[in-house]
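Understanding the architecture of this molecule
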Amino acid sequence: MNDSSARNLLILTTVSSIWAIVFGLIGPFYVVYVEKLSGGMEKLGFAFSIMILFQSITSYFAGRFSDKLGRKPFLVVTAYTDAAILLFYTIITETYQLYLLQGILGITNGISDTIRTSLLGDLTVKERRGTAVGKFNAAISLGSAAGLLLGGFVAKFYGIKSLFYIASVVVALSTVLLFFIKEDKPS
């Protein structure tokens with residue numbers, strides 16, 4: 001692994017770990033909040049199925065176009081879109097608005113999951129890819145656990161909506177680090 005790849009991998013791991021903390025922070029409360037907004041368990045299932053449907057449709061296209069256009073632009077756009085979506089969750093009042101946000105979140109999840117995985121493959125060398133991916137996933141899992149631990153305290157003292165505000169700001173600010181990834185031009 002050359003210095004540029006190692007630096008890029010460190011940036012990707014750092015940003016992904018921050019995002020894992022953030023999404024761990026809102027994780028269980030997101031489900032509770034979506035259930036409250038949707039108006040029932042059956043609608044909660046529908047809201048999440050919309051997200052997964054759009055995520056599955058988007059994944060293929062994200063991978064295909066990122067091979068042609070590069071990975072970084074997709075990561076940056078989806079991160080800022082996610083930050084906006086997190087804010088929108090705090091102001092919506094209707095079920096159809098929730099379904100719309102779930103669809104958009106499914107699109108951004110499909111893109112970012114595919115792009116992060118592809119970029120991770122780009123930045124690692126075949127001989128040590130398993131080790132690098134293992135370290136990456138360990139960092140993400142630790143971040144997620146820390147976020148879950150903190151989420152309960154933040155929700156208790158500041159309310160569930162504050163989790164969404166914090167998450168939105170942290171995602172937006174941490175995305176700035178992605179601009180420091182140096183990506184080779186796609187061929």
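In this report, the structure presented in the accompanying data block is examined. (Residues numbered from 1 in each chain as written. Predicted model: local features only at pLDDT ≥ 70, side-chain atom pairs only at ≥ 80, totals over all residues. Heavy atoms only, no water.)

1. A look at the layout of surface pockets
Here the largest pocket is characterised by a volume of approximately 600 Å³. As for the largest pocket, its lining consists of 28 residues, and the residues nearest its centre are F23, N109, S112, D113 and R116. Of all elements in the fold, only α1 (3-38), α2 (41-69), α3 (72-89), α4 (95-123) and α5 (129-158) reach the threshold of two or more residues within the lining of the largest pocket. A total of 8 residues in the lining of the largest pocket trace back to one element, the largest contributor, which is α1. (1 Å grid on protein atoms, 1.4 Å probe; cavity = no way out; pocket = protein on both sides within 12 Å on 5 of 7 lines; lining within 4 Å. Points joined across faces, edges and corners; volume = space filled by probe spheres on them. Helix = DSSP H or I, 4+ residues; strand = E, 2+ residues; numbered from the N terminus.)

2. Section: the environment of F153
Checked against the element boundaries, F153 lands in helix α5. A relative accessible area of 51% places F153 in the exposed class. With 42 residues separating them in the primary sequence, F153 and I111 have C-alpha atoms 31 Å apart. (Buried < 20%, exposed > 50% of the residue type's maximum accessible area, 1.4 Å probe, protein only.)

3. A word on helix α6 (residues 160-175)
Compared with the 22 Å implied by 1.5 Å per residue over 16 residues, the 23 Å span of α6 between its first and last C-alpha is a close match. Every buried residue of α6 is accounted for by S162, L163, F164, A167, S168, V171, S174 and T175. Where the residues of α6 are buried, they touch α1, α3 and α5. (Expected span 1.5 Å × (residues − 1). Contact = heavy atoms within 4.5 Å.)

4. Topic: a nonpolar patch on the surface
Taken together, the side chains of L53, F54, I57, Y60, F61, F65, L69 and I107 make up a nonpolar region of the molecular surface, amounting to roughly 770 Å² of accessible area. Top element by residues in the nonpolar patch is α2. It accounts for 7 residues. Mapped onto the secondary structure, I57 falls in helix α2. Assessed through its relative accessible area of 46%, I57 is described here as partly exposed. (Patch = residues over 30% accessible without salt bridge, like charges linked within 9 Å, V, L, I, M, F, W, Y side chains within 5 Å. Areas by Shrake-Rupley, 256 points an atom, 1.4 Å probe, with all protein chains shown as cover. Salt bridge = Lys/Arg side-chain N within 4 Å of Asp/Glu carboxyl O.)

5. Some thoughts on the packing of α1 against α4
Relative to each other, α1 and α4 sit at 160°, their axes nearing to 12 Å. With respect to α4, the axis of α1 lies roughly antiparallel. Both α1 and α4 take part in a crossing whose hand is left-handed. Contacts from S5, N8, L9, L12, S16, W19, Y30, V34, L37 and S38 of α1 reach α4 at T95, L98, Q102, L105, R116, L119, L120 and L123. For the contact of α1 with α4, the class distribution of residues is 11 nonpolar, 6 polar and 1 charged. (Axes fitted to C-alpha atoms, helices over the stretch in contact; angles between N-to-C directions. Parallel < 35°, antiparallel > 145°, perpendicular 65-115°, else oblique. Left-handed = near helix turned anticlockwise from the far one by under 90°. Nonpolar A, V, L, I, M, F, W, Y, C, P; charged D, E, K, R; others polar.)

6. Here we look at the packing of aromatic side chains
Under the counting rule described, the total for this entry stands at 3 aromatic pairs. Between Y60 and F61, the aromatic rings sit 5.2 Å apart at their centres with planes inclined by 75°, giving edge-to-face as the arrangement. On the numbers, 5.9 Å between centres and 40° between planes, the contact of Y89 with F164 is tilted. A residue pair is termed long-range when its members are at least 10 positions apart, and Y89 in helix α3 and F164 in helix α6 qualify at 75 residues. Each member of the pair, Y89 together with F164, is buried. (Phe/Tyr/Trp six-rings, centres within 6.5 Å; stacked < 30°, edge-to-face > 60°.)

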